[in-house]
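# Chains, contacts and geometry: an overview
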Amino acid sequence: MKISRVSAAAAAAVVALGLTACGDGGGDSASTGDGGGGAYKVGIKFDQPGLGLKEGSEYTGLDVDVATFIAKELGHEAKDIQWVQAPSAQRETLIKTGQVDMIVATYSITDKRKAEVSFAGPYFIAGQDLLVRADETAITGPETLTGKKLCSVTGSTSAQKVKDKYPGVQLQEFGTYSECVTALVSKGVDALTTDNTILAGYAAQDQYKGKLKVVGKTFSEERYGVGIKKGDTATCEKINTAIQKMVDSGEWQKAVDANLGPAGFKVDTAVNPPKADACA
């Protein structure tokens, strides 16, 4: 099956199950469907074009395709998947309380997070960057942000890095990145920071074409992992095997091209596709 059809199949399954889910509001609570028993619950972002995006009853993006491939290797068909909104600040809680079986949501692997949950992967490596308005000339990298209003998302590694390394920045934290984009376009903030994959997706959206640009100066390495319950090494190893199979079969590259290609995103082939970490 081609990857382009996987998202469609997953979306069709959601329709068939009659799931209902809220959109990309402030991210105050997790959004789940009412699919009932037997559903395999996967946490994704609902507001990240090219990665995890909910439009009506359809779910698309690299994270969606990776999650669908992994779920199938674990024995769960697309029709069994129940997509759950996983805002950055709630991901650990969703896993620990069993509201999701796994999270594939631009979830950077960090030591702090590994204290609460376990990770399989990584399945992709990105880098933190800045999104600015197309006519912006003063902001050329994080070192030029002093005195500027910068937006990021509560609970994200992006927000924490800015707090730690660039104290002169006026950081505003919202619930979702889409809220930051709205503030950027309306000149409520001067820049948005998160992973370059996410920023490229927003810049490529029809309503923002010609209005926004990615600075193109990364200042971190973000290793996207699959979040699972702490200490579940058996599932971790199965997921790592599934990711390697996706890479070896060519489906990983197809998913990357289909989802990140339209944004003109340049994948760092020096680190992608990445090798999985040992499960612990």
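The structure this text deals with has already been given above.
Here goes a summary of the coordinates provided. Small disclaimer: the values here were computed from a predicted structure and weren't measured.

Mapped onto the secondary structure, Arg113 falls in helix 4 (residues 111–114). Its relative accessible area of 8% is what places Arg113 among the buried residues. Within the structure, the side chain of Arg113 is placed 3.2 Å from the backbone oxygen of Gly155, a separation counted as a polar contact. In this structure, Arg113 is in contact with Arg91, Glu92, Tyr107, Ser108, Phe119, Gly155, Ser156 and Thr157, ignoring residues within four places of it in sequence.

Enumeration according to the criterion identifies 2 disulfides in this entry. The partner cysteine of Cys236 in its disulfide is Cys279, sulfur to sulfur 2.1 Å. Where Cys236 bonds to Cys279 through sulfur, the torsion about that S-S bond is close to -85 degrees, and the disulfide is left-handed. Taken as a pair, Cys236 in helix 8 (residues 233–249) and Cys279 in the segment after helix 9 (251–260) lie far apart in primary sequence, 43 residues in all. When sorted by exposure, Cys236 lands in the same class as Cys279, which is buried. Each bonded cysteine of the protein chain gets a number by its place in the sequence, and the pairs then read 1-2, 3-4.

A few words on unusual backbone geometry. Residue Pro122 is bonded to the preceding Gly121 through a cis peptide linkage, with omega at 15 degrees. With respect to the secondary-structure elements, Pro122 resides in strand 7 (residues 118–126). Look at the link from Asn272 to Pro273: it is a cis peptide, with omega at -5 degrees. Of note, Thr106 is a non-glycine position whose phi angle comes to about 40 degrees, a positive value. If you trace the backbone, Thr106 turns up in the loop between strand 6 (102–103) and helix 4. Thr106 sits in the buried class, given a relative accessible area of 5%. You will see that Lys187, though not glycine, has its phi angle at about 70 degrees, which is positive.

With that out of the way, let us pick up the sheet that holds strand 4 (residues 58–60). Pairing in this open sheet of 3 strands is antiparallel, and the strands run 2-3-4 from one edge to the other. A single partner strand is all that each edge strand has here, and the edge strands are strand 2 (47–48) and strand 4. For strand 2 and strand 3 (residues 52–55), the ladder comprises 2 bridges, and the chain directions are antiparallel. When the bridges of strand 3 are listed, Asp47 appears paired with Leu53.

Our focus in this paragraph is the nonpolar core. Val42, Met102, Phe124 and Val226 are the most contacted members of the largest nonpolar core, which has 52 residues in total. When near neighbours in sequence (up to four residues on either side) are disregarded, Val226 contacts Ile70, Met102, Ile103, Val104, Ser118, Phe119, Ala120, Tyr123, Ile239 and Ile243. Of all hydrophobic cores here, the second largest spans 11 residues; its members include Ile95, Ala105, Ile109 and Phe119.

So, how was this worked out
- Residues numbered from 1 in each chain as written.
- Predicted model: local features only at pLDDT ≥ 70, side-chain atom pairs only at ≥ 80, totals over all residues.
- Heavy atoms only, no water.
- Helix = DSSP H or I, 4+ residues; strand = E, 2+ residues; numbered from the N terminus.
- Buried < 20%, exposed > 50% of the residue type's maximum accessible area, 1.4 Å probe, protein only.
- Polar contact = N/O pair within 3.5 Å; in protein donor to acceptor, adjacent residues only side chain to side chain.
- Contact = heavy atoms within 4.5 Å.
- Disulfide = S-S within 2.5 Å.
- Pairing = 2+ DSSP bridges.
- Core = buried A, V, L, I, M, F, W, Y, C linked by side-chain atoms within 4.5 Å.

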